[in-house]
Every structure is written in C-alpha cells, then in structure tokens.
Amino acid sequence: NNNMVTIGMNYKVLEGKEETFEKACTGVIDAMNGIDGHEKSFLYKDVNDGQSYLIASEWGSEDAFNTFCQSDKFKQVTNWGQESILAGRPSHTVYKQ
C-alpha cells in the first residue's frame, strides 16, 4: 500500500507523570488496534528528555487517522486534561511515504 502515512504524536509530560502517561498510551494503542485503517503503533521515549514521548502510528490514510481522532473511543482514552499529565498541547506530525 503506497498510501500509508505515519502520524507522529508528540507529547511532553509533567514530571512524575511518566508512568501514568505510559499506561494511558498503552490504552490509546490498544484502542487503535481495532480501528479500520490502522496498521501499527509504537510508543517511544526520548533518551535525552525522559518527559518527551512520541507515538509513531501507521495508517492506511490520513483520513482514517482523522476519523479516529474525532471518535468517542479516542476521546475516552485521551482524557489528558482531567488527569493533568501533559505539559502543553500534544502536536501531530504527518510523514508521507
């Protein structure tokens, strides 16, 4: 499939919330696994900055990812605000193949 896109979801986490965040990310990735268009996702941690994370997520199309982001399932697993986990807003980067 030549239309694959990789979405990089960049997160900066508050100090002391790393473990909470990592558990939440496992939930996000689990939720993605059942979604049409999702191929695979991985969680990475910056070795030079233990509070910076990246979820690299492969999708059949950018539309499939955007649809997932607007879904209730995504909102349920990314309830970051109430948990006070993130230091700032997440940013998404799209890498086209």
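Before any of the text, the structure's been laid out above.
This structure is a prediction, so every number in the text was calculated from the model and none was measured. (Residues numbered from 1 in each chain as written. Predicted model: local features only at pLDDT ≥ 70, side-chain atom pairs only at ≥ 80, totals over all residues. Heavy atoms only, no water.)

J.: Looking at this structure, I do not really get the overall build of the protein. What am I missing?
T.: Scanning the protein from N- to C-terminus turns up 4 helices and 4 strands. For 97 residues, the compact-globule estimate of 2.2 N^0.38 gives 13 Å, and the C-alpha radius of gyration of the protein, at 13 Å, lies within 12% of that figure. In terms of overall dimensions, the protein has a C-alpha envelope of 40 × 30 × 20 Å along the principal axes. Burial statistics for the protein: of 97 residues in total, 34% are counted as buried. Residue pairs in contact within the protein that sit at least 24 positions apart in sequence constitute 70% of those at least 6 positions apart. Carbon and sulfur atoms make up 44% of the accessible area of the protein, which totals about 5900 Å². Side-chain charges in the protein split into 9 positive and 14 negative, and the spacing between the mean points of these groups amounts to 3 Å. (Helix = DSSP H or I, 4+ residues; strand = E, 2+ residues; numbered from the N terminus. Rg over C-alpha atoms; globule rule 2.2 N^0.38 Å. Buried < 20%, exposed > 50% of the residue type's maximum accessible area, 1.4 Å probe, protein only. Contact = heavy atoms within 4.5 Å. Areas by Shrake-Rupley, 256 points an atom, 1.4 Å probe, with all protein chains shown as cover. Lys, Arg positive; Asp, Glu negative; His and termini not counted. Charge placed at Lys NZ, Arg CZ, Asp CG, Glu CD.)

J.: What should I look at first to understand the sheet that holds strand 2 (residues 38-46) in this one?
T.: By definition, the strands of a sheet pair up through backbone hydrogen bonds, in either a parallel or an antiparallel sense. Spatially, the 4 strands line up as an open sheet ordered 2-3-1-4, and their pairing is antiparallel. The open sheet terminates on both sides in strands that have one partner only, identified here as strand 2 and strand 4 (91-96). With direction set aside, neighbouring strand axes in the sheet form an average angle of 20 degrees. Both strand 1 (residues 5-12) and strand 3 (residues 49-59) contribute to a ladder of 8 bridges, which runs antiparallel. Residue pairing across strands places Thr6 opposite Glu58, the latter belonging to strand 3. Where helix 1 (residues 18-33) meets the sheet, it contacts strand 1, strand 2 and strand 3, and its direction lies at approximately 170 degrees from that of strand 2. Strands in contact with helix 2 (residues 62-69) are strand 1, strand 3 and strand 4; relative to strand 4, the strand with the most contacts, it is inclined by about 160 degrees. (Pairing = 2+ DSSP bridges. Axes fitted to C-alpha atoms, helices over the stretch in contact; angles between N-to-C directions.)

J.: Explain the packing of aromatic side chains to me, please; I cannot follow it from the model alone.
T.: Remark: the centre distance and the inter-plane angle together describe each pair of aromatic rings, the angle taken between the planes. In the structure shown here, the tally under the stated rule is 5 aromatic pairs. Between Phe21 and Tyr53 the ring centres are 4.7 Å apart and the planes differ by 45 degrees, which places this aromatic pair in the tilted class. Here the residue Phe21 occupies a position in helix 1, and Tyr53 occupies one in strand 3, the gap between them amounting to 32 residues. Both residues of the pair, Phe21 and Tyr53, belong to the buried class. (Phe/Tyr/Trp six-rings, centres within 6.5 Å; stacked < 30°, edge-to-face > 60°.)

J.: Got a minute to help me understand helix 2 in this structure?
T.: Helical periodicity: at 3.6 residues per turn, an α-helix aligns residues three or four positions apart in one direction. The complete set of buried residues in helix 2 reads Ala64, Phe65, Phe68 and Cys69. Buried residues of helix 2, viewed axially, fall in a sector of 140 degrees; they line one side. Exposed and facing more than 90 degrees away from the buried side of helix 2 are Asp63 and Thr67. Against strand 1, helix 1, strand 3, helix 3 (72-77) and strand 4 lie the buried residues of helix 2. (Arc of directions from axis to C-beta.)

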